[in-house]
Amino acid sequence: ARFAAAYALRLVRGPAPLPALRACLSDRGEEVRAVCVRGVGERADGTDLPRLAAGLGDPSPLVAVQAVRALAQAASACAGAPCPPLEALGQLRLRLERAGEPGGYQPFLALFQAKLPVEARPLLASLRAGLAGAPAVLDCRAAAALDRLEGRLSESQTCGRGEVPEPVRLRLALGELAQSAAEARTRAEAGLSFLAHPDAGVRAAALGLVGESGWKDAAPGVRALLGDGDPVVASTAAAVLGRLGDAASGPAILALAAGGRLPPDVWPVLAEALGGLRPEGADVLLRRWLGDPAPALRLAAADALKQDGAVIPEVPAVSRPEAAPVQPLPTGARLELETRRGTVLVALDTEEAPRTAAAIGALARAGFYDGLTFHRVVPDFVAQGGDPRGDGEGGPGHTLRCELNAHPYTRGTVGMALSGPDTGGSQFFFTHSAQPHLDGRYTAFGQVVSGQDVVDSLLEGDTLLRVRVLQ
């Protein structure tokens, strides 16, 4: 009840809730304190800096994560030294000795993922040195953060003590460089230099960097990737060209969309690109897609057509034969996930998400998950895995309908990752804490019953050694 009250207060606009949020910074519940720190940070004035800094030393990593984010947000507004929020973040060094505890690396990961001013370079370098014994991927996260401040790839080229594969290092670094304040041309050229990399995930990340740069002169270098053999890379190239407003590529993108070479799951991306460029004949394809069975494609097509103020007709969805149903799991079925950090046991919700639980169980029985990684970790939010590509763009080759239910997203809930309505597949996520904004939006199909400390300790690149169903 206290968490619900604090969460509601955080969502109230304006300064009125600030006194109550300040008062609950000392609540006995860690999730309550965390949401109160977040609420104070979103409204903080100069007097709240000591309160937020105190959160860095909180026994709970969840609270420390939110304190890091609040101070980093305040520091991003600094215009040179001195920068009191940045100086306060220096107190994070005191947590170095506890970094190896469950969830202990999360506050540092949160800092390395945050948007910081260039004055944060000494702090990042100092914390990176203090984490010399931490998992190698954290070293690369710190290196990528430093490269983001520099606006060029440097530290990431040699990070990870030889333990982090080059494609992983590059994907992290290119993703961070996309958020850099460096000149558009500098960022775009960095992305263009990796468009021929043998790893599809690196090519896709490089395209993302070019797209974020907005440098229109990069378009000729991107066009060649419309013919890439990887469908994600090809569709990402189309999306980037759409963002760059490259009208010359419009006919090629239309041909790519109509040619049937790419799988349907990337068609929504192509629809968005066509909506921006509008080559001749695009409307015919977009209107055909209005009747596709996939909700994500229908929505993308409708949005694309609306850009010209078109009236969207009522088009019935085309029926498509469904795959043979998977054998349902019995009540009480569990999922056991073994990682190098320990084992997580999940009670599957076979009552409220029977199709999803059965589909995940079938993948586990087939050994699909064995050897895959957790490709995305956002502290005090989620740890996400189950992607055979390892970059967040992969799946099992089929999609699942959503089974929205009354299962709330509390600490340790397991949910189905989506890229739009009814687009679930193999990717799933664990929650680190309650996330009410996910309720009724993503299929919740399980709950951690043991091993939450393992979930809290997961980092990007951690491997699923084995996943099996227990009945």
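Digging into the overall build of the protein
Then, number 1: Counting its regular elements, the protein contains 20 helices and 8 strands.
Then, number 2: By its C-alpha atoms, the protein is 60 × 55 × 50 Å across when sized along the principal axes.
Then, number 3: Going through the 471 residues of the protein one by one, you find that 54% of them count as buried.
Then, number 4: Considering only contacts within the protein whose residues lie at least 6 apart along the sequence, 67% involve residues at least 24 apart.
Then, number 5: For the protein, the computed accessible surface area is about 20,100 Å², with 53% contributed by carbon and sulfur atoms.

Things to note about the pairing of strand E3 (residues 374–378)
Then, number 1: Relative to strand E4 (residues 382–385), E3 is paired through 4 bridges, and the arrangement is antiparallel. Pairing of Phe-374 across the sheet is with Gly-385, part of E4.
Then, number 2: Where E3 folds back on E4, the antiparallel hairpin that results is connected by 3 residues, among which Asp-380 adopts a positive phi of roughly 55°.

Things to note about the layout of surface pockets
Then, number 1: The volume enclosed by the second largest pocket comes to roughly 590 Å³.
Then, number 2: Considering the residues around the second largest pocket, the lining is formed by 27 residues, among which Arg-38, Glu-42, Gln-66, Arg-69 and Pro-379 are closest to the centre.
Then, number 3: Mapped by element, the contributors of at least two residues to the lining of the second largest pocket are helix H1 (2–11), helix H3 (30–43), helix H5 (61–75) and helix H7 (106–113).
Then, number 4: If you tally residues by element for the lining of the second largest pocket, the top one is H3, at 6 residues.
Then, number 5: Broken down by class, the residue content of the lining of the second largest pocket amounts to 12 nonpolar, 8 polar and 7 charged.

Some thoughts on the sheet that holds strand E6 (residues 428–431)
Then, number 1: Read across the sheet, 8 strands follow the order E3-E4-E6-E5-E7-E2-E1-E8 without closing on themselves; strand pairing throughout is antiparallel. Looking at strand neighbours, the two that pair on one side only are E3 and strand E8 (464–470), the edges of this open sheet. Each adjacent strand pair in this sheet contributes to an overall mean axis angle of 25°, direction not counted.
Then, number 2: Where strand E1 (residues 334–339) meets strand E2 (residues 342–348), 6 bridges bridge the pair, whose relative direction is antiparallel.

Points about the packing of aromatic side chains
Then, number 1: In total, this model carries 9 aromatic pairs according to the counting rule given.
Then, number 2: Ring centres of Trp-267 and Trp-289 lie 5.6 Å apart, and the angle between their planes is 15°; on these two criteria the pair is classed as stacked. Of this pair, Trp-267 sits in helix H16 (residues 267–277) while Trp-289 sits in helix H17 (residues 282–289); the two residues are 22 residues apart in sequence, bridging distant segments of the chain. Here Trp-267 matches Trp-289 in class, with each residue buried.
Then, number 3: In textbook terms, an aromatic cluster arises when at least three aromatic residues are bridged by ring pairs, as seen for Phe-368, Tyr-369, Phe-374, Phe-428 and Phe-430.
Then, number 4: Stacked on the ring of Tyr-7, the Lys or Arg Arg-10 has its end atom at 5.6 Å from the ring centre.

Some details on H7
Then, number 1: The element H7 is largely enclosed, with a buried count of 8 among its 8 residues.
Then, number 2: Three or more residues of H7 are buried, namely Gln-106, Pro-107, Phe-108, Leu-109, Ala-110, Leu-111, Phe-112 and Gln-113.

Concerning unusual backbone geometry
Then, number 1: Cis geometry is adopted by the peptide bond preceding Pro-82, which originates at Ala-81 and carries an omega value of -5°.
Then, number 2: Relative to the helices and strands, Pro-82 is located in the loop between H5 and helix H6 (84–89).
Then, number 3: Positive phi outside glycine occurs at Arg-161, with the angle close to 55°.
Then, number 4: Looking at the element boundaries, Arg-161 is found in the loop between helix H9 (136–150) and helix H10 (166–177).
Then, number 5: Overall, Arg-161 belongs to the partly exposed group, its relative accessible area being 39%.
Then, number 6: The phi torsion at Asp-422 lies on the positive side, around 60°, for a residue other than glycine.
Then, number 7: Mapping Asp-422 onto the fold places it in the loop between strand E5 (413–416) and E6.
Then, number 8: By relative accessible area, Asp-422 is classed as partly exposed at 27%.

Brief notes about the pairing of E5
Then, number 1: Alternating residues of E5 divide into Thr-413 and Gly-415 and Val-414 and Met-416, and every residue in both groups is buried.
Then, number 2: As paired strands, E5 and strand E7 (residues 444–450) are joined by 3 bridges and run antiparallel to one another. Bridge assignment links Gly-415 to a residue of E7, and that residue is Ala-444.
Then, number 3: Note that E5 and E6 share 3 bridges and pair antiparallel. In the strand pairing of E6, Gly-415 is matched with Phe-429.

Section: the state of the cysteines
Then, number 1: Applying the stated criterion across every chain yields a total of 3 disulfides.
Then, number 2: Linked covalently through their sulfurs, Cys-24 and Cys-36 form a disulfide whose S-S length is 1.8 Å. Classification of the bridge connecting Cys-24 and Cys-36 rests on its S-S torsion, roughly -110°, and on that basis the disulfide is left-handed. Taken together, the residues Cys-24 in the loop between helix H2 (18–23) and H3 and Cys-36 in helix H3 connect sequence positions 12 residues apart. Cys-36 shares its class with Cys-24; the two are buried.
Then, number 3: Covalent S-S linkage joins Cys-140 and Cys-159, the inter-sulfur distance amounting to 2.1 Å. The disulfide joining Cys-140 to Cys-159 has a torsion of about 100° about its S-S bond and is therefore right-handed.

Comments concerning the side chain of Glu-176
Then, number 1: Tracing the backbone shows Glu-176 in helix H10.
Then, number 2: When its relative accessible area of 5% is taken as the criterion, Glu-176 is described as buried.
Then, number 3: When near neighbours in sequence (up to four residues on either side) are disregarded, Glu-176 contacts Phe-112, Arg-141, Ala-144 and Arg-148.

Side note on the pattern of salt bridges
Then, number 1: One pass over the full model with this rule turns up 25 salt bridges.
Then, number 2: Among the charged side chains, a network of salt bridges with common partners joins Arg-141, Arg-148, Glu-176 and Glu-460.

Re the nonpolar core
Then, number 1: Of all hydrophobic cores here, the largest spans 90 residues; its most connected members are Leu-89 and Phe-430.
Then, number 2: Residues in contact with Leu-89, not counting those within four places in the same chain, are Leu-56, Val-68, Leu-71, Ala-72, Leu-111, Leu-116 and Leu-123.
Then, number 3: Core analysis: the next-biggest nonpolar cluster, separate from the first, contains 55 residues, Phe-194, Ala-237, Ala-238 and Ala-300 among them.

Conventions and cut-offs
Residues numbered from 1 in each chain as written. Predicted model: local features only at pLDDT ≥ 70, side-chain atom pairs only at ≥ 80, totals over all residues. Heavy atoms only, no water. Helix = DSSP H or I, 4+ residues; strand = E, 2+ residues; numbered from the N terminus. Buried < 20%, exposed > 50% of the residue type's maximum accessible area, 1.4 Å probe, protein only. Contact = heavy atoms within 4.5 Å. Areas by Shrake-Rupley, 256 points an atom, 1.4 Å probe, with all protein chains shown as cover. Pairing = 2+ DSSP bridges. 1 Å grid on protein atoms, 1.4 Å probe; cavity = no way out; pocket = protein on both sides within 12 Å on 5 of 7 lines; lining within 4 Å. Points joined across faces, edges and corners; volume = space filled by probe spheres on them. Nonpolar A, V, L, I, M, F, W, Y, C, P; charged D, E, K, R; others polar. Axes fitted to C-alpha atoms, helices over the stretch in contact; angles between N-to-C directions. Phe/Tyr/Trp six-rings, centres within 6.5 Å; stacked < 30°, edge-to-face > 60°. Lys NZ or Arg CZ within 6 Å of the ring centre and 35° of its normal. Disulfide = S-S within 2.5 Å. Salt bridge = Lys/Arg side-chain N within 4 Å of Asp/Glu carboxyl O. Core = buried A, V, L, I, M, F, W, Y, C linked by side-chain atoms within 4.5 Å.

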